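# Descriptive analysis of the structure
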Amino acid sequence: LNLEDIKNEVIVEGCRELESVKIDISWKPLTDGLMMFSHLYRRKWVGHIGYIIDVDCNLKKAGHLEIRGGIAHECVHIISDTRKTRRKSSRDLRKYELSSRYCNLEEICTDIETINRGFGYDLLALELFRERNFNHEVHGISSKEIKDILAIKEDLPVEFTYKDYVNLFRNGNGRNGSK
């Protein structure tokens, strides 16, 4: 699996706003999770010059679809980060690291946006792979919830939202207050 090719495929198919953003990608042993993004810095320079996506070496056993799902998810995180000031980005990173509630919210919203950008089946493949092979805590949307979203998404005239997610899975009421 060529990570650079898959990253470029994801950008062309659903994350075009990243075409001019420097994003390196590499295999790296990770202790928590299967992929993560971070800022890419140049020595002796104050700000960041781009991003790097680290892909856990255990994903070498995964297929193209699973890798695409993870890269798409990380690209959505990067899109969100590019829209923030450096101060807001730093503040949000601290909240993410210190608050499990904020972390879960961020991951759910990122999963929803990944699905809305057309990578829902890729994300589902990654989540199923994670469930079969690892015991990582789920911070985002479970495979069952992704399946349910994909099943109803085709019938929606607009994008699926966090409010839809809460109505469907947290309140038990369905999209319009009924099942």
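Given the structure is predicted, the values throughout are model-derived calculations rather than measurements.

Before going further, it helps to spend a moment on the pairing of strand β3 (residues 48-55). Here β3 lies mainly inside the structure; six of its eight residues are buried. Pairing analysis gives five bridges linking strand β1 (residues 23-27) to β3, with the strands arranged parallel. By the bridge assignment for β3, Ile25 is matched with Ile53.

Within the open sheet, the three strands sit side by side as β1-β3-β2. Their pairing is mixed. Strands with a single pairing partner mark the edges of an open sheet, and in this sheet they are β1 and β2 (35-41). In this sheet, neighbouring strand axes are inclined to one another by 25 degrees on average, regardless of whether the strands run parallel or antiparallel. Relative to β3, β2 runs antiparallel, the two being bridged by seven bridges. The partner of Met35 across the bridge, within β3, is Val55.

Position of Asp111 relative to the elements: it lies in helix α4 (residues 100-133). Despite its burial, Asp111 pairs with no opposite charge, the nearest such side chain being Arg130 at 8.9 Å. When neighbours within four sequence positions are excluded, Asp111 is seen to be in contact with His73, Leu123, Gly140 and Ile141.

Let us look at the packing of α4 against helix α5 (residues 143-153). Two elements in contact, α4 and α5, have axes whose closest approach is 9 Å; the angle formed by their N-to-C orientations is 150 degrees. Taken together, the axes of α4 and α5 lie roughly antiparallel to each other. When you trace α4 past α5, the crossing you get is left-handed. Only Ser143, Ile146, Lys147, Ile149, Leu150 and Lys153 of α5 make contact with α4, whose side of the interface consists of Ile115, Asn116, Gly120, Tyr121, Leu123, Leu124, Glu127, Leu128 and Glu131. Split by residue class, the contact of α4 with α5 holds eight nonpolar, three polar and four charged.

Our next topic: the nonpolar core. In terms of nonpolar packing, the biggest core is built from 25 residues, with Leu18, Val55, Leu59, Ile67, Ile71 and Cys75 touching the most fellow members. Elements with a contribution of two residues or more to this core: α1 (3-14), β1, β3, α2 (64-82) and α4. Broken down by element, the residue count for this core peaks at six residues, all from α2. Here Leu59 is in contact with Trp27, Leu34, Met35, Ile67, Leu126 and Phe129, once residues within four sequence places are set aside. Within the second largest apolar cluster, 13 residues are counted, among which are Ile108, Leu123, Leu124 and Ile146.

Look at helix α3 (residues 86-98) against α4: their axes get within 5 Å of each other, and the N-to-C directions meet at 110 degrees. Considered as vectors, α3 and α4 are oriented roughly perpendicular to each other. Residue-level contacts link Asp92, Lys95, Tyr96 and Leu98 of α3 to Ser100, Tyr102, Cys103, Glu106 and Glu107 of α4. Its residues assigned to classes, the contact of α3 with α4 shows four nonpolar, one polar and four charged.

What counts and how
- Residues numbered from 1 in each chain as written.
- Predicted model: local features only at pLDDT ≥ 70, side-chain atom pairs only at ≥ 80, totals over all residues.
- Heavy atoms only, no water.
- Buried < 20%, exposed > 50% of the residue type's maximum accessible area, 1.4 Å probe, protein only.
- Helix = DSSP H or I, 4+ residues; strand = E, 2+ residues; numbered from the N terminus.
- Pairing = 2+ DSSP bridges.
- Axes fitted to C-alpha atoms, helices over the stretch in contact; angles between N-to-C directions.
- Lys, Arg positive; Asp, Glu negative; His and termini not counted.
- Salt bridge = Lys/Arg side-chain N within 4 Å of Asp/Glu carboxyl O.
- Contact = heavy atoms within 4.5 Å.
- Parallel < 35°, antiparallel > 145°, perpendicular 65-115°, else oblique.
- Left-handed = near helix turned anticlockwise from the far one by under 90°.
- Nonpolar A, V, L, I, M, F, W, Y, C, P; charged D, E, K, R; others polar.
- Core = buried A, V, L, I, M, F, W, Y, C linked by side-chain atoms within 4.5 Å.

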